[in-house]
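# Structural features, examined
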Amino acid sequence: MSSAAEVRPFRVEVADEAITDLRQRIAATRWPGKELVADRSQGVQLTTIQELARYWTADYDWRACEARLNALPQFRTEVDGEDVHFIHVRSRHENALPLIITHGWPGSVIELLGIIGPLTDPTAHGGSAADAFDLVLPSVPGYGFSAVPAEAGWNVGRVAGAWAELMRRLGYTRYVAQGGDVGAAVTDAMGRQAPEGLLGIHLNLLLAGLGGGYPSDDPSAAERAALDAIATFRTSGNGYLIEQNTRPQTIGYALLDSPVALAAWMLDHDTDAYYKISRAFLDGQPSGGLTRDHILDNITMYWLTGTGASAARSYWENTQAAAAAAGKPRRDVKLPVGFTTFPGEIFRAPRSWVEKSYPNVSYFNEVGKGGHFAAWEEPELFATEIRAAFKPLR
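Residues numbered from 1 in each chain as written. Predicted model: local features only at pLDDT ≥ 70, side-chain atom pairs only at ≥ 80, totals over all residues. Heavy atoms only, no water.

### Section: the overall build of the protein
A count of helices and strands for the protein gives 17 helices and nine strands. Compactness check: the protein gives a C-alpha radius of gyration of 20 Å against a globular reference of 21 Å for 394 residues, within 12% of the reference. The dimensions of the protein, computed from C-alpha atoms along their principal axes, are 55 × 55 × 45 Å. Averaging the locations of the 36 positively and 46 negatively charged side chains of the protein gives two centres separated by 3 Å. (Helix = DSSP H or I, 4+ residues; strand = E, 2+ residues; numbered from the N terminus. Rg over C-alpha atoms; globule rule 2.2 N^0.38 Å. Lys, Arg positive; Asp, Glu negative; His and termini not counted. Charge placed at Lys NZ, Arg CZ, Asp CG, Glu CD.)

### Some points on the packing of aromatic side chains
A full pass over the atoms with the stated rule returns 15 aromatic pairs. Here the aromatic cluster, defined as three or more aromatic residues joined through ring pairs, consists of Trp-105, Phe-233, Tyr-240 and Tyr-315. The ring centre of Phe-133 lies 4.4 Å from the NZ or CZ of Arg-394, which sits over that ring. (Phe/Tyr/Trp six-rings, centres within 6.5 Å; stacked < 30°, edge-to-face > 60°. Lys NZ or Arg CZ within 6 Å of the ring centre and 35° of its normal.)

### A closer look at the pairing of strand 9 (residues 361-366)
Pairing between strand 8 (residues 337-341) and strand 9: five bridges, direction parallel. Each residue of the ladder has a partner; that of Thr-341, found in strand 9, is Glu-366. Handedness of the strand 8-helix 15 (residues 351-357)-strand 9 crossover: right-handed. (Pairing = 2+ DSSP bridges. Right-handed = clockwise from strand over helix to strand, strands pointing away.)

### Some remarks on the environment of Ile-26
As for its placement among the helices and strands, Ile-26 is situated in helix 1 (residues 16-27). The class for Ile-26 is buried, based on a relative accessible area of 4%. Along the primary structure Ile-26 and Trp-56 are separated by 30 residues, whereas in three dimensions their C-alpha atoms are 8.4 Å apart. Once you skip the residues sitting within four places of it in the chain, Ile-26 turns out to touch Ala-53, Trp-56, Thr-57, Pro-259 and Val-260. (Buried < 20%, exposed > 50% of the residue type's maximum accessible area, 1.4 Å probe, protein only. Contact = heavy atoms within 4.5 Å.)

### Regarding helix 1
For helix 1, built from 12 residues, the straight-helix expectation of 16 Å at 1.5 Å per residue is met to within 8% by its first-to-last C-alpha distance of 17 Å. Turning to helix 1, its buried residues are Ile-19, Leu-22 and Ile-26. With its buried residues spanning 60° around the axis, helix 1 presents them on a single face. Exposed residues lying more than 90 degrees from the buried face of helix 1 are Asp-16, Glu-17, Gln-24 and Ala-27. Buried-residue contacts for helix 1 involve helix 2 (46-58), helix 3 (62-70), helix 11 (259-267) and helix 13 (292-305). (Expected span 1.5 Å × (residues − 1). Arc of directions from axis to C-beta.)

### As for unusual backbone geometry
With the exception of glycine, the majority of residues adopt a negative phi angle, and the majority of peptide bonds are in the trans configuration. In this chain, Trp-105 is followed by Pro-106 through a cis amide linkage whose omega measures 5°. In this fold, Pro-106 is placed in the loop between strand 4 (97-102) and helix 4 (116-120). Its identity is not glycine, yet Asp-80 carries a phi of approximately 55°, on the positive side. Inspection of the secondary structure assignment puts Asp-80 in the loop between strand 2 (74-79) and strand 3 (82-89). The backbone of Ala-194 sits at a positive phi, close to 50°, despite the residue not being glycine. Tracing the backbone through its elements, the reader meets Ala-194 in the loop between helix 6 (182-193) and strand 7 (198-203).

### Notes on the layout of surface pockets
Gaps between atoms show up when a probe of the same size as a water molecule is rolled over them. Estimated volume of the largest pocket: approximately 1,200 Å³. At the level of secondary structure, the elements contributing two or more residues to the lining of the largest pocket comprise helix 5 (156-169), helix 6, helix 7 (207-210), helix 8 (221-236), helix 9 (239-246) and helix 14 (308-325). The residue makeup of the lining of the largest pocket, split by class, is 19 nonpolar, 11 polar and six charged. Taken as a whole, the second largest pocket holds about 430 Å³ of empty space. (1 Å grid on protein atoms, 1.4 Å probe; cavity = no way out; pocket = protein on both sides within 12 Å on 5 of 7 lines; lining within 4 Å. Points joined across faces, edges and corners; volume = space filled by probe spheres on them. Nonpolar A, V, L, I, M, F, W, Y, C, P; charged D, E, K, R; others polar.)

### Regarding empty space enclosed by the protein
With the rule as written, the count across this model stands at five cavities of 30 Å³ or more. The volume enclosed by the largest cavity comes to roughly 120 Å³. In this structure, the largest cavity is lined by 19 residues; those nearest its centre are Gly-104, Glu-111, Gly-180, Asn-204 and His-372. For the lining of the largest cavity, the secondary structure elements donating two or more residues are strand 4, strand 6 (175-179) and helix 16 (374-377). Class assignment of the residues belonging to the lining of the largest cavity gives a composition of eight nonpolar, nine polar and two charged. If you add up the space inside the second largest cavity, you get close to 70 Å³. When residues of the lining of the second largest cavity are traced back to their parent elements, those giving at least two are helix 11 and helix 13. Of all the elements, helix 13 adds the most residues to the lining of the second largest cavity, at three residues. Its residues assigned to classes, the lining of the second largest cavity comprises eight nonpolar, one polar and no charged.

Written out as structure tokens, the structure reads:
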């Protein structure tokens, strides 16, 4: 193996000075006046972000997250010219199925830590040895501990190709892939590229919905509800999406200069997740894994790695790639596709829409809890869905 392709062990080591600087910047925040409405319609509410900032400086301990990460097998390797960070946990069970999962924005590998145990050691979490996975959790270039791309072009298609090379480099000749949010776009691209060894994919966000869904003259109740939710998102909830699609560099100046600006930007995603996070800070009532500490683990990692702007830029990359591909034929996903609809997602994808997007739906389920950050919020349920979706492919 060439030196560039070498898989190197990695540890997170943040200097004390970086933590001190973070706290000083939070303390120096210039606060806006309180919003003039009782809900989030003007953006992240002042009481929520001020309590987050207070907890961040007074009670939060980054070193606990650092230790949690360093207890896992972490690596970096150069793929397609950029250093990629990934967590690689092999199951103790024989014949475990290799699985690569891609995080989204404003998430990271941190949102996936809770599913490592249930997927790699199912016998300790209500499953059987036959349900075991070898797990690969990479950080998308520009996010977290992966390198910030030095050139344009790192769209989801390029990431998908890099993931196929990563799995080949790790010695996997047959594997499956999963993703939500940006990770859904990467996993969708993997399905369309169909690299050798990829057996099937699972998604928990339907990309066609963000594009407007599938309107019809006679929509079912589920389709009408999805269309209404998408319309609400596109008129009052997608400000971050427009900015990152078109002007990531502009917002990037704030994201790299102010920790509180970064935190507010990352909280202002979808309504369901926002209110769950707000309750975690204001009432101390987390929704599953969306605890105060875990939320700040994710935000702090963005801050310490300086990847707020580069992560935002990934949206611009995908917009550019989509514009360049407009009007050109696109390969279908012919591999088996599994899909789980979580009720708190931006919209609940109806089965009819999933089947219009993918001709070979091998698994579909609607579950009763969980939202946009499904693996983070409900790790046991998420793992159960992954086991069920990929069981026929073993």
